[in-house]
Amino acid sequence: MTNVAFGQAHSSVLETGRRVTAYADQLFTHLPRADQRRWAAAYLLGLLAVSGRKSVRSLAAAVTDSPTASQSLHRFINSSPWPWQPVRGELTRWVEARLRPKAWTVGTAVVPKRGNQSCGVHRRFVPALGRTINCQVGIGLFLAAGHRQIPVDWRLHLPGEWADERLRRRAHVPEPVRPLPVWAHVLDLADTLAAHSSTRLPLVANLGDYKESDRLLQGLRRRGHDFVMSVPGTLPVLPAAPLPGRDSAASPAVVSAQRFLDASGEVPRAVVMSTHSGSTRLKRIATGLVRLPGAAQPPRFYRLFAEYPRAGQGAPVIRLTNLVHRPMDDLMELAEVQAGTPRVLRHLEGNFGLQDFEGRSYPGWHRHVTLMSAACAYSRLGQAEAEGRMETSSPDGLPLGALGTADLLV
């Protein structure tokens, strides 16, 4: 037995190790081998205990002084044949029972890479950096309740060049996995979560991140998924009624989402919104019903809406939803969930090793982000539950620190 304490009493260290091991046993219950479940617990403990960059070597050193532990952890992540999707299903059910989510959100993580050996690596222009870089792109699905969001599923984007069999063999990409556009990954994530989840919730995302966003909207509608999406102002729409100044007998013409709101939203509605602090604020909303061009008959109507900021505070964010009968304050509350997703992604990068996976294989990446998601869920929900107190959070809703202890039987 190796006990590694970081400034806490030894009994507290032991109890932390037991709790995380019990949590890992629950998520990895489908694994038949006890050694795999032990290494899953070790990886989780390392992710929770290590500050800074989370290499396999540093994770192993946090839980044991065994000289072979880092090699064992490396094999567990990269080559041990365990499936990650059942773990994510267990994680989804575990989080739902504790978080009581109100929405699903989607976030796109860009992971810079120095070389070209990692699975899915490609050249990509990143607007936030203002330049083109070598990177991987991961698409994450989160369960969200207010300001809290927990990742439960992921896809690794493979661009078109990753149809090459040489690249696929080198990165151990499974045969059924083929390059797909990002919007198709989002649709697949929603379908998978609907199969695992006890309740279907609205999907909240920013379609400005995806090309061919109209195809995602149509796919979500056909599969019966509710959604609230930020859309570009150039999105083509068909007004449900003629725009002001047009012949009422004429068929509605396709216009941009921005023009529709400008024409039919000259006097925005006032909506009173409650904030997380309990205060209220007044929002100015333009809204109206539209259809999407080329949609099947009978026509399906959507609500287009945008909050108009005060003068000098930038352009309105335009959103589209199929929840046409929901009150506007409910829709605005759902829409605001999306604003927290980039912050959660940064938190995963800084605290749980989203950008620290050193392997090059497709299975290894998926196993790493699965354990990263499990560590985040435990930090946000399980640790507070085990200690019988409310979660301690910083003003922006993120935990003040990662676990500072680790103890594991190895």
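Calculation notes
- Residues numbered from 1 in each chain as written.
- Predicted model: local features only at pLDDT ≥ 70, side-chain atom pairs only at ≥ 80, totals over all residues.
- Heavy atoms only, no water.
- Phe/Tyr/Trp six-rings, centres within 6.5 Å; stacked < 30°, edge-to-face > 60°.
- Helix = DSSP H or I, 4+ residues; strand = E, 2+ residues; numbered from the N terminus.
- Buried < 20%, exposed > 50% of the residue type's maximum accessible area, 1.4 Å probe, protein only.
- Lys NZ or Arg CZ within 6 Å of the ring centre and 35° of its normal.
- Pairing = 2+ DSSP bridges.
- Salt bridge = Lys/Arg side-chain N within 4 Å of Asp/Glu carboxyl O.
- Axes fitted to C-alpha atoms, helices over the stretch in contact; angles between N-to-C directions.
- Parallel < 35°, antiparallel > 145°, perpendicular 65-115°, else oblique.
- Left-handed = near helix turned anticlockwise from the far one by under 90°.
- Contact = heavy atoms within 4.5 Å.
- Nonpolar A, V, L, I, M, F, W, Y, C, P; charged D, E, K, R; others polar.
- Core = buried A, V, L, I, M, F, W, Y, C linked by side-chain atoms within 4.5 Å.
- Patch = residues over 30% accessible without salt bridge, like charges linked within 9 Å, V, L, I, M, F, W, Y side chains within 5 Å.
- Areas by Shrake-Rupley, 256 points an atom, 1.4 Å probe, with all protein chains shown as cover.
- Lys, Arg positive; Asp, Glu negative; His and termini not counted.
- Charge placed at Lys NZ, Arg CZ, Asp CG, Glu CD.
- Arc of directions from axis to C-beta.
- pLDDT = per-residue confidence, 0-100.

**Remarks on the packing of aromatic side chains**
A complete count under the given rule lists 8 aromatic pairs for this structure. Ring geometry for Phe 142 against Trp 154: centres 6.0 Å apart, planes inclined by 70°, an arrangement best described as edge-to-face. Separated by 12 residues along the polypeptide, Phe 142 in strand β4 (residues 131–145) and Trp 154 in strand β5 (residues 148–156) bring together distant segments of the chain. Side by side, Phe 142 and Trp 154 carry an identical accessibility label, which is buried. Against the face of Trp 82 rests Arg 367, its NZ or CZ located 5.5 Å from the ring centre.

**Regarding the pairing of strand β13 (residues 317–321)**
With 4 of its 5 residues buried, β13 lies for the most part within the structure. Taken together, the 3 bridges between strand β7 (residues 227–230) and β13 define a ladder with antiparallel strand orientation. Across the sheet, residue Val 228 finds its bridge partner in β13, namely Thr 321. Direction of pairing for strand β12 (residues 302–307) relative to β13: antiparallel, over a ladder of 5 bridges. The residue bridging Leu 304 from the neighbouring strand is Leu 320, located in β13.

**What about the pattern of salt bridges?**
According to the stated counting rule, one finds 11 salt bridges in the structure shown. Among the ionic pairs, Glu 165 bridges to Arg 178, the shortest N-O distance being 3.3 Å. Taken as a pair, Glu 165 in helix α6 (residues 165–170) and Arg 178 in the loop between α6 and α7 (182–196) lie far apart in primary sequence, 13 residues in all. Across the salt bridge formed by Asp 330 and Arg 326, the nearest N and O atoms sit 3.9 Å from each other.

**Some thoughts on the packing of α7 against helix α8 (residues 213–222)**
For any two helices packed against each other, the geometry comes down to the angle between their axes and how far apart the axes lie. Where α7 meets α8, the axes come as close as 9 Å, and the angle between the chain directions of the two elements is 20°. By the angle between their axes, α7 is roughly parallel relative to α8. Considering the relative orientation of α7 and α8, their crossing is right-handed. Of α8, the residues touching α7 (which contributes Trp 183, Val 186, Leu 187 and Ala 190) are Arg 215, Leu 216, Gly 219 and Leu 220. For the contact of α7 with α8, the residue count by class is 6 nonpolar, 1 polar and 1 charged.

**Topic: the nonpolar core**
Ranked by size, the top nonpolar core spans 103 residues in total, and within it Val 95, Trp 154, Leu 203, Met 229, Leu 320 and Leu 371 carry the most contacts. Considering each element in turn, this core owes the most residues, 11 residues, to helix α12 (residues 362–387). Residue contacts for Val 95: discarding those within four places in its chain leaves Arg 100, Leu 143, Ile 150, Val 152, Ala 377 and Leu 381. Residues Ile 285, Leu 323, Met 332 and Leu 334 belong to the second largest nonpolar core, which totals 11 residues.

**A look at a positive patch on the surface**
A contiguous patch of positive charge, built from Arg 166, Arg 169, Arg 170 and Arg 360, is present on the exposed surface. You can see Arg 360 is positioned in the loop between α11 (341–351) and α12. With relative accessibility at 51%, the residue Arg 360 sits in the exposed group.

**Side note on α11**
Those residues of α11 not exposed but buried are Thr 341, Val 344, Leu 345, His 347 and Leu 348. Viewed along the axis of α11, the buried residues span an arc of 155°, placing them on a single side of the element. One or two steps after α11, the chain reaches Gly 353, where phi turns positive at roughly 80°.

**As for the confidence of the model for the protein chain**
Chain-level statistics for the protein chain give a pLDDT mean of 83 and a share of 80% at 70 or above. At the level of individual helices and strands, the protein chain shows its lowest average pLDDT in strand β1 (residues 2–4), which scores 38, and its highest in β5, which scores 96. Overall, residues 389–410 carries pLDDT values under 50, and its contacts beyond four positions in sequence, including any with other chains, amount to 57 contacts.

**Observations regarding the side chain of His 368**
Structurally, His 368 can be placed in helix α12. His 368 has contacts with Tyr 43, Ile 77, Gly 353 and Phe 357, leaving out every residue within four places of it along the chain.

**A closer look at the environment of Pro 86**
Tracing the backbone shows Pro 86 in helix α5 (residues 85–99). Separated by 57 residues in sequence, Pro 86 and Thr 29 place their C-alpha atoms 9.3 Å apart.

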